[in-house]
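# Observations on chain architecture
So the chains spell out like this:
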Amino acid sequence: MTFSPIHLSNSLRVRHNQLSPLSTKVQPWFAVEYRLSDTREVNAQSVDQQFPDFLQLIEVISENDSPLLTDPQQGFIKGCTTQTPCGTQFSTFVSDGPDFHFGQFWRWEALSDALAIRGLKPSDPDADEQCLFSSSKPCTFLLDPVNAFQCGRLDLKARTLIGAISLNTRDDVSFYEQERSSLGFTAQVRYVSAAIQTLFYRVDTADMIATGQSQVLDINTQHVGGPQEYIFIRLSDQGLTGADGVAQESRDSSGAKGLRIDVTIAAVNDSPTVEAPPDFSAAEDVPLDLDGLDMDDVDADEEITSELAKVDWLEIRSNQIFFNQIRVTAELKGFGNEKGRGLLFLNSDARDLSIVSNGCTIFVTVEPSLPGGDSCSASAAIFRPGRFQCDPGSVASKVGHSCAGDWDDVTCDTAAEGLLRLHSSNVSLFVSVEGSHLLDEQLKQQPGVYRAEILNGSLLGDSARIRFFNVTTGEVVLSEGLKGVPEAGSRWRARRMSQGGACKYAGTRYQDVCNFVEIGPIDTQAPSTCLQAAPHCDFDSDACTCEIKNTCDVDGTYLLRVNISKPAARRYIEELLANTVGDGEMNSKMNKTCGGLPLRRMKSGEVPPSQLATSSGKPCSSAQDCSASRFSKCTPGVDCFCCGNLTAGPCWSNAECEGIDSNMDSVQLCGCTQGLEPTVEAREGRRCCADLSEACSEDAECQSILEHSFCGCVPGYPLCGPFFPAGGGTENPLLGRPCLFRGVKMHVTSAALMYASDFCESPIWQYEGTRNTQALQQLVFLENDFSGGLMAEKGSTRLEFYATRAFSILALRGLKYLTYNPSYPFYNRLYRLPAAERDPISFKIDANDYDVLYVTADDMGNSGGGLRDRKV
């Protein structure tokens, strides 16, 4: 026979009135009762021979069972803001912000806000088994019948690596450790449960932060190489039960001892600091080292890993130039008129700087969004980045409205645009259109001059004169019939035939705000007609042209020099920024796409065709258009193909596409798929790839335009290779196939192998600053130049640059001052402002003149784990 007690039962437990109330009343022991019998035949009859009953008492020795501790992280779902388990009818969720991106438990760096951790529930099935049987307390039941059955004490220890923790209650808790980041105590199960019913976590206590004694003010877990933070809880039964007396500890879901609760300390951007002595004393025409200038930023070097910061700005390609950079401005403002008298210089140690400004010049760099991008085709948007609008000669509903460009001969003469409804015929269209009353007025004012044009579907490009419009029913009656009956849902527009409107530029122009340079050879005997050296501000002259470094055909780059002294300069920079990375009406001008690259750049010296209808991304207006749910991505090695040649087979990375036989630039993209989205052709109608103004239904209809060209293209959508005619021949990009760039983001260390189509980007992006050597050298003080009298056009009253923390500090510490400004020759403290510039209230003839140095450090939002937060 084999005897096995039920789970948790032992000889102590069956006598415990609370743990086993039934057995204590009926049978508080273990016993096996059995009987033996022998059956035999006597005189041909069966006879049972009976034996006595046997009763075997059994002692079941107690075994120590591990205590249990519930894990509040179990059942958590991303974005859940209620206690676990999530997914019940009481659960609430968010889809954005810190609670979505930072995890279940988080707090901001350097704040004392308490984080309440709920859902910790301790238990121990045998903690109280020996309560009635202690040899030292034989009469516990008589002395305290209520508590006699609850004597077991658990040992709980909780600790953190960084933050401070505290308990919910302290009733009947015996502490053996009570520190800021570590708590240890023993208590009965019910008091342990009450103590940790809510466990409070703080990055640090309010007192430590307020008094400046905190040692963790600058610590967060959201940067590369940063520490981890978690609460580790160990729950032990101390071995007070069980025959062997060996302590058991609670285990997590993986079977490991203890419980780890991860906590995110979200990065908070700290402000940079600048230090300077109260004053400097300089001698006329003698270089002065501005000793004592210093700056720092405790978190400028943090490489943030926050998912929220990545979504908000870190993963946007146009922002990546500013990662871990500090922008420093040093500017002189003289007494009385705030015009610097002396000049500022960098010393020869200054390096790895991006120069933003040297006096009146702001350097603006324009680059393609992705390698190989054709920024040359975007030159019009660089030189005229502002808004185009319809002039007064346009139809009444469009006057002052945005249009695409001076080549746009449609928008300003279009009175209305909408969709066709059911029951239309070839002579009568039932339409849906906004502003039907305004359309009615315009048709009545100019009867017979508007045509109804079909914009997609089987009648793409067909049109007829409008004879009458019924504003009540939405019926457009035509003077002549269309070629057929258009499909319901097709798009149409009412366009004036006699073009009277024009799309005019209404923004700033680069030529209005640029620095100027001489046209032709400079006459060294005559004064320059284009003053271009800082600190002087340039002026317009017929003998001058805009200064620009244009290498778009080589590396896709423009270097613009904007004269900040001109009133429209800041507006020009803002319009250029809005045109490349902004939202709203500016987007249409840059034809933004998911993935960003609209055209592959030709090799240097090659001439592109006059109409290159290529793009490598889906046209978009916001990042929402590029989300995976609305624009699916391809799978590397499965359905990602090289955009230079769709027949080359699946690719894993951009590198695999660089060897494609193509007359284009060697930088190629992996991530294209053949064909457009299913709804595109139905919405836009099919066009010939060689001429997007020609509607088509099959390839043969496009052969007269360009042999071997395809049908199926749509304005604003891409073409991919191969670009060679059948049977071989010269490459022609108009022979490519309709496709979309569906690339996925792929990195090895910091090198991008494939570029994602997650963001809605324009083909170019711009940023203030340049690493051009000439711009830097113009600001560097060289002793040989000074002693040789070669300081003309050197230095500036205003220096602005950005660099990493180390090089920003190095440059600022090496700043020099020199009274060598041509605008204030022989300057010293005895200089007095001209009478016309003197303030009659503040000016005193006997007061010394002086320069004031202003220094500003801008961290450009680096280090924050939330939304971008620039600190100055």
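Residues numbered from 1 in each chain as written. Predicted model: local features only at pLDDT ≥ 70, side-chain atom pairs only at ≥ 80, totals over all residues. Heavy atoms only, no water.

## Quick word on the sheet that holds strand E40 (residues 687–688)
Here three strands make up an open sheet; going across it, the order is E41-E40-E42 and the pairing antiparallel. Because the sheet does not close on itself, it has two edges, and the strands there are strand E41 (691–695) and strand E42 (711–713). Bridge count between E40 and E42: two bridges; the pairing is antiparallel. Residue pairing for E42: Arg-687 is matched across the bridge by Cys-713. (Pairing = 2+ DSSP bridges. Helix = DSSP H or I, 4+ residues; strand = E, 2+ residues; numbered from the N terminus.)

## Side note on unusual backbone geometry
Here the bond from Thr-84 into Pro-85 is cis, since omega is 0 degrees, no more than 30 degrees from zero. Relative to the helices and strands, Pro-85 is located in the loop between strand E3 (68–69) and helix H2 (98–101). Unusually for a residue other than glycine, Gln-238 sits at a positive phi of about 65 degrees. Tracing the chain through its elements places Gln-238 in the loop between strand E12 (230–236) and strand E13 (259–262). For Gln-238, a relative accessible area of 32% corresponds to the partly exposed category. Phi at Asp-352 is positive, roughly 55 degrees, even though this residue is not glycine. (Buried < 20%, exposed > 50% of the residue type's maximum accessible area, 1.4 Å probe, protein only.)

## As for the state of the cysteines
Counted under the stated rule, the structure contains 14 disulfides. Shown here is the disulfide that connects Cys-594 with Cys-626, its sulfur atoms set 2.1 Å apart. Taking the sign of the S-S torsion, about -85 degrees here, the bridge from Cys-594 to Cys-626 comes out left-handed. Note that Cys-594 is positioned in strand E35 (residues 593–594) and Cys-626 in the loop between strand E36 (618–619) and strand E37 (641–642), a separation of 32 residues in sequence. As far as the burial class goes, Cys-594 and Cys-626 line up, both buried. (Disulfide = S-S within 2.5 Å.)

## Here's the deal with a nonpolar patch on the surface
A cluster of nonpolar side chains, namely Trp-29, Leu-55 and Leu-57, defines an oily patch on the protein surface of about 340 Å² accessible area. Residue position: Leu-57 is located in strand E2 (residues 45–58). (Patch = residues over 30% accessible without salt bridge, like charges linked within 9 Å, V, L, I, M, F, W, Y side chains within 5 Å. Areas by Shrake-Rupley, 256 points an atom, 1.4 Å probe, with all protein chains shown as cover. Salt bridge = Lys/Arg side-chain N within 4 Å of Asp/Glu carboxyl O.)

## Here we look at the environment of Gly-418
Checked against the element boundaries, Gly-418 lands in strand E24 (residues 414–420). Residue Gly-418 is classed as buried on the basis of its relative accessible area, which comes to 14%. The spatial distance from the C-alpha of Gly-418 to the C-alpha of Arg-491 is 5.7 Å, given a sequence separation of 73 residues. The residues contacting Gly-418, other than those within four sequence positions of it, are Ser-432, Ser-490, Arg-491 and Trp-492. (Contact = heavy atoms within 4.5 Å.)

## Observations concerning the pattern of salt bridges
Applying the stated criterion to the full structure yields 34 salt bridges. Across the pair Arg-805 and Asp-296 runs a salt bridge, and its minimum N-O distance is 2.6 Å. Separated by 509 residues along the polypeptide, Arg-805 in helix H15 (residues 805–813) and Asp-296 in strand E17 (residues 294–296) bring together distant segments of the chain. Owing to a relative accessible area of 25%, Arg-805 belongs among the partly exposed residues under this scheme. The class for Asp-296 is partly exposed, based on a relative accessible area of 26%. For Asp-858, the salt bridge identified is with Arg-870, shortest N-O distance 2.5 Å. In this pair, Asp-858 sits in strand E51 (residues 851–858) while Arg-870 sits in the segment after E51, placing the two residues 12 residues apart along the sequence. The class for Arg-870 is partly exposed, based on a relative accessible area of 42%.

## Section: helix H6 (residues 307–314)
Along H6, the residues that are buried comprise Leu-308, Ala-309, Trp-313 and Leu-314. Mapping the buried residues of H6 onto a view down its axis gives an arc of 140 degrees, with all of them on the same face. Where H6 is buried, its residues contact H2. At the N-terminal end of H6, a side-chain oxygen is found 3.3 Å from the backbone nitrogen of Leu-308, two or three residues along, and the residue is Ser-306. (Arc of directions from axis to C-beta. Polar contact = N/O pair within 3.5 Å; in protein donor to acceptor, adjacent residues only side chain to side chain.)

## Some remarks on the sheet that holds strand E8 (residues 164–166)
Read from one edge of the open sheet, three strands run E5-E11-E8, paired in antiparallel fashion. Edge positions in the open sheet fall to strand E5 (115–118) and E8, since each of these has one partner strand only. Sheet twist, expressed as the average angle between the axes of neighbouring strands with direction ignored, equals 25 degrees. The pairing of E5 with strand E11 (residues 198–202) spans four bridges and is antiparallel. For Arg-118, the partnering residue across the bridge sits in E11 and is Thr-198. (Axes fitted to C-alpha atoms, helices over the stretch in contact; angles between N-to-C directions.)

## Quick look at the confidence of the model for the protein
Scored by pLDDT, the protein has a mean of 85; 89% of the residues are at 70 or more. A low-confidence stretch, residues 522–529 (pLDDT under 50), is modelled with six contacts involving residues beyond four sequence positions or located in other chains. Within the model, the stretch residues 598–613 combines pLDDT values under 50 with 53 contacts to residues more than four positions away or in other chains. (pLDDT = per-residue confidence, 0-100.)

## So, helix H8 (residues 436–445)
Within H8 the residues assigned to the buried category are Ser-436, Leu-439, Asp-440, Gln-442 and Leu-443. Buried residues of H8, viewed axially, fall in a sector of 165 degrees; they line one side. Exposed side of H8, more than 90 degrees from the buried face: His-437, Lys-444 and Gln-445 are the residues found there.

## Description of the environment of Ser-182
Summarising the element assignment, Ser-182 is placed in strand E10 (residues 182–188). For the pair Ser-182 and Gly-163, spaced 19 residues apart in sequence, the C-alpha separation works out to 9.5 Å. Apart from residues no more than four positions distant in its own chain, Ser-182 is found in contact with Lys-157, Ala-158, Arg-159, Ile-165 and Glu-177. A distance of 2.7 Å separates a polar atom in the side chain of Ser-182 from a polar atom in the side chain of Glu-177.

## Points about the packing of aromatic side chains
By the definition in use, this model includes 19 aromatic pairs. Between Trp-313 and Phe-323 the ring centres are 5.8 Å apart and the planes differ by 90 degrees, which places this aromatic pair in the edge-to-face class. Taken as a pair, Trp-313 in helix H6 and Phe-323 in the loop between H6 and strand E18 (326–334) lie far apart in primary sequence, 10 residues in all. Judged by relative accessible area, which is 3%, Trp-313 ranks as buried. Look at Tyr-510 and Tyr-572: their rings are 5.8 Å apart centre to centre, the planes differ by 40 degrees, and that puts the pair in the tilted class. Residue Tyr-510 is found in helix H9 (residues 510–513), and its partner Tyr-572 is found in helix H10 (residues 569–581); the two are separated by 62 residues along the sequence. The pair formed by Tyr-510 and Tyr-572 is uniform in burial state, with each residue classed as buried. Three or more aromatic residues joined by ring pairs make a cluster, and in this case those are Phe-345, Phe-781, Phe-786 and Tyr-820. Geometry around Tyr-505 places Arg-384 over its ring, the cationic atom sitting 5.4 Å from the centre. Over the face of the ring belonging to Trp-313 we find Arg-868, whose NZ or CZ atom lies 4.1 Å from the ring centre. (Phe/Tyr/Trp six-rings, centres within 6.5 Å; stacked < 30°, edge-to-face > 60°. Lys NZ or Arg CZ within 6 Å of the ring centre and 35° of its normal.)

## Examining the environment of Leu-36
Here Leu-36 is to be found in strand E1 (residues 30–42). Residues Leu-36 and Pro-52 lie 16 residues apart in sequence; the distance between their C-alpha atoms is 7.4 Å. Sequence-distant contacts of Leu-36, that is, excluding residues within four places in its chain, are made with Phe-51 and Phe-54.

## Topic: the side chain of His-101
Position of His-101 among the secondary structure elements: in helix H2. Assessed through its relative accessible area of 17%, His-101 is described here as buried. If we ignore the near neighbours within four places in the chain, the residues touching His-101 are Asp-96, Glu-307, Leu-308 and Val-311.

## A word on the side chain of Ser-357
The residue Ser-357 is located in strand E20 (residues 354–358) in this model. You can call Ser-357 buried: its relative accessible area is 0%. In terms of polar contacts, Ser-357 uses its side chain to reach the side chain of Arg-798, at 3.2 Å. Beyond its immediate sequence surroundings of up to four residues, Ser-357 is in contact with Ile-362, Phe-363, Leu-779, Arg-798, Leu-799 and Glu-800.

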